[in-house]
Amino acid sequence: MLRELTIKHCSFPLVAPFRIARGVKHAAEVVLIELEQGGATGRGESVPYARYGESVDSVMAQLESVRAEVAAGMGREELQARLPAGAARNALDSALWDLEARLTSVPVWAGLARPSPLPLTSAITIGIDTPQRMGEEAARLAGAGPANVLIKIKLDAHEPAARIREVRRAAPDARLIVDPNESWSIDLLRDLQPELESAGVELVEQPLPADADDALLDFVPRVPVCADESCHVAADLPRLQGRYQAVNIKLDKTGGLTEAWRLLRSARAEGFRIMVGCMVCSSVGIAPALELAREAEFVDLDGPLWLKDDYADGVRLRHGLLVPPQPGFWGA
Ligand SMILES: CC(C)C[C@H](N)C(=O)N[C@@H](CCOc1cc(O)cc2c1C(=O)N[C@@H]2C)C(=O)O
Ligand SMILES: [Mg+2]
């Protein structure tokens, strides 16, 4: 056996309950892989998502199903054919990137022929709450960060205009994204266009259910619409043309950095604007996504900021910028 594979379920309590259109979360439930070979250990983490039919148990079972091949030395390209896009493949793909970098002493960013990750502006998310409390949170973020702080507002179909207005009033200089997580209808999206435009919202993430996005075909938005739940892998792009103007790339959807990099290049070539996003996860889950972040117009990698106790050498928020993990944390 060439390698030792460890698969773990980890639970990270959140600093505060987090509410989006389809529920409330109190902890980040993640799957962690450790892959040991020749004295080096690669790590990868992913977030199983019920919206895509995943659970911690199902993802761990998928990983168990390839244990022997991984232990015998399966590489990243074989992995793409062996597991479908999703959280299980992401954890393993991320661990393989990390392991390769440690064994070869070539950092992941150098292997991709890209510059190393630098501190950058990430969106900071405000969960669904009363308009007043969302405004208070926006004022806190705007007061603590730079003038052009990027705020992502979670919304549902209840009082979206009041919530947007209150956030804008409290943070007049902030850049704004809204994310209804599939909770709007095309009529509501159409009715909200003047509000979105006058509030200076820069992007509307996944307003309609993914299976209803045909309604976007005849719709000319005043604010660009970004595919999140509708975009997983590069093969989705042809269907998104004419419906969406941007795509949100997440490693838990692509099944890791290998396919995420392909999606990014294809999406850009096809004229889509690029967002790089995340689930609620630790810095082990964010580190590989940071390799893409310099290529994105919108970065939404605030997952670890919601954890009570992230890794001590993980990402930090400093002077409003998301600072990459300490050297050696992931990707060599
Ligand atoms: C801290 C934020 C959630 C991270 C990011 N800014 C963001 O908005 N990401 C997602 C939201 C997905 O979060 C959910 C939703 C859900 O119903 C269940 C879960 C999560 C999650 O992260 N873990 C559990 C499975 C987005 O839509 O862009
Ligand atoms: Mg989203």
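Only a predicted model underlies this, so the values are computations on that prediction, with no experimental measurement involved. (Residues numbered from 1 in each chain as written. Chains lettered and ligands numbered in written order. Predicted model: local features only at pLDDT ≥ 70, side-chain atom pairs only at ≥ 80, totals over all residues. Heavy atoms only, no water.)

Caption draft 1: Seen up close, the overall build of the protein. What the protein contains, in helices and strands, is 13 helices and 13 strands. In summary, the protein has a C-alpha radius of gyration of 19 Å against a globular reference of 20 Å for 332 residues, a match within 12%. Overall, the C-alpha framework of the protein stretches about 60 × 40 × 35 Å when taken along its three principal axes. Within the protein, the proportion of its 332 residues that are buried is 56%. Put simply, of all contacts in the protein between residues at least 6 apart along the chain, 68% involve residues at least 24 apart. Carbon together with sulfur atoms contributes 52% to the accessible area of the protein, which is approximately 13100 Å² in total. Taken as two groups, the 36 positive and 47 negative side-chain charges of the protein have centres that lie 3 Å from each other. (Helix = DSSP H or I, 4+ residues; strand = E, 2+ residues; numbered from the N terminus. Rg over C-alpha atoms; globule rule 2.2 N^0.38 Å. Buried < 20%, exposed > 50% of the residue type's maximum accessible area, 1.4 Å probe, protein only. Contact = heavy atoms within 4.5 Å. Areas by Shrake-Rupley, 256 points an atom, 1.4 Å probe, with all protein chains shown as cover. Lys, Arg positive; Asp, Glu negative; His and termini not counted. Charge placed at Lys NZ, Arg CZ, Asp CG, Glu CD.)

Caption draft 2: The arrangement of helix α1 (residues 56-65) in detail. Along α1, the residues that are buried comprise V56, V59 and L63. Angularly, the buried residues of α1 cover 70° about the axis, an arc narrow enough to put them on a single face. The inward-facing, buried residues of α1 abut β1 (4-20), β2 (23-37), β3 (40-46), α2 (67-71) and α4 (87-104). (Arc of directions from axis to C-beta.)

Caption draft 3: Summary view of the confidence of the model for the protein. Confidence in the prediction for the protein averages 97 pLDDT; 100% of positions are at 70 or higher. Reported confidence for the predicted complex is 0.93 by ipTM and 0.97 by pTM. (pLDDT = per-residue confidence, 0-100.)

Caption draft 4: Local environment of the coordination of the magnesium ion (ligand 2). Of the protein atoms, only D179 (OD), E205 (OE) and D228 (OD) coordinate the magnesium ion (ligand 2), at distances of 2.1 to 2.3 Å. When the donor residues of the magnesium ion (ligand 2) are listed from N- to C-terminus, their spacing reads D-x25-E-x22-D. With a gap of 49 residues between them, D179 in strand β6 (residues 175-179) and D228 in the loop between β8 (225-227) and α10 (237-240) connect regions that are remote in the sequence. Neither D179 nor D228 differs from the other in exposure class; each is buried. (Donors = N, O, S within 2.8 Å, 3.2 Å for Na, K, Ca; no water.)

Caption draft 5: Just the packing of aromatic side chains, in detail. Evaluation of the coordinates by the stated rule reveals four aromatic pairs. Ring plane angle 80° and centroid distance 5.1 Å describe the contact between Y49 and Y52, whose orientation is recorded as edge-to-face. Note on Y49: relative accessible area 15%, which makes it buried. Residue classification places Y52 among the partly exposed residues on the basis of a relative accessible area of 23%. (Phe/Tyr/Trp six-rings, centres within 6.5 Å; stacked < 30°, edge-to-face > 60°.)

Caption draft 6: Geometry of the state of the cysteines. A complete count under the given rule lists zero disulfides for this structure. Residue C10 stays outside any disulfide, its sulfur separated by 12 Å from that of C281, the closest cysteine. Here C10 falls in the buried class, since its relative accessible area comes to 17%. C278 takes part in no disulfide bond, and the closest cysteine sulfur to it belongs to C281, at a distance of 5.0 Å. Residue class for C278 comes out buried when judged on its relative accessible area of 14%. (Disulfide = S-S within 2.5 Å.)

Caption draft 7: Structural view of the site of ligand 1. Around ligand 1 there are 21 residues in total, and T125, C278, V280, D300 and D302 lie nearest to it. At 3.4 Å, a side-chain N or O of Y49 approaches an oxygen atom of ligand 1. At 2.9 Å from an oxygen atom of ligand 1 is found a side-chain nitrogen or oxygen belonging to K154. Here ligand 1 loses 93% of its free accessible area of 590 Å² to cover by the protein chains. Classifying every residue of the shell around ligand 1 by side-chain character gives nine nonpolar, two polar and 10 charged. Looking at which domains feed residues into the shell around ligand 1, each of domain 1 (4-111) and domain 2 (124-323) supplies at least three. (Near = heavy atom within 4 Å. Polar contact = N/O pair within 3.5 Å; in protein donor to acceptor, adjacent residues only side chain to side chain. Nonpolar A, V, L, I, M, F, W, Y, C, P; charged D, E, K, R; others polar. Domains from an automatic or database assignment.)

Caption draft 8: Spotlight on the domain arrangement of the protein. The assigned domain composition of the protein is domain 1 (4-111) and domain 2 (124-323). Contacts between the two partners involve 36 residues from domain 1 and, on the opposite side, 39 residues from domain 2. Across the interface of domain 1 and domain 2, roughly 3100 Å² is buried in total on both sides, 58% from carbon and sulfur atoms. For the domain 1 face of the interface with domain 2, the top three residues by lost area are F18, R19 and Y52, together amounting to 18%. Inspection of the region where domain 1 meets domain 2 yields three salt bridges. With a shortest N-O distance of 3.8 Å, R19 and D156 are connected by a salt bridge. Run the count over domain 1 and domain 2 and you get 16 residue pairs in polar contact (both at pLDDT 80 or more). Secondary-structure elements contributing two or more residues to the side of domain 1 that touches domain 2 are β1, β2, β3, α3 (76-82), α4 and α5 (108-111). (Buried area = accessible area lost by both parts, 1.4 Å probe. Salt bridge = Lys/Arg side-chain N within 4 Å of Asp/Glu carboxyl O.)

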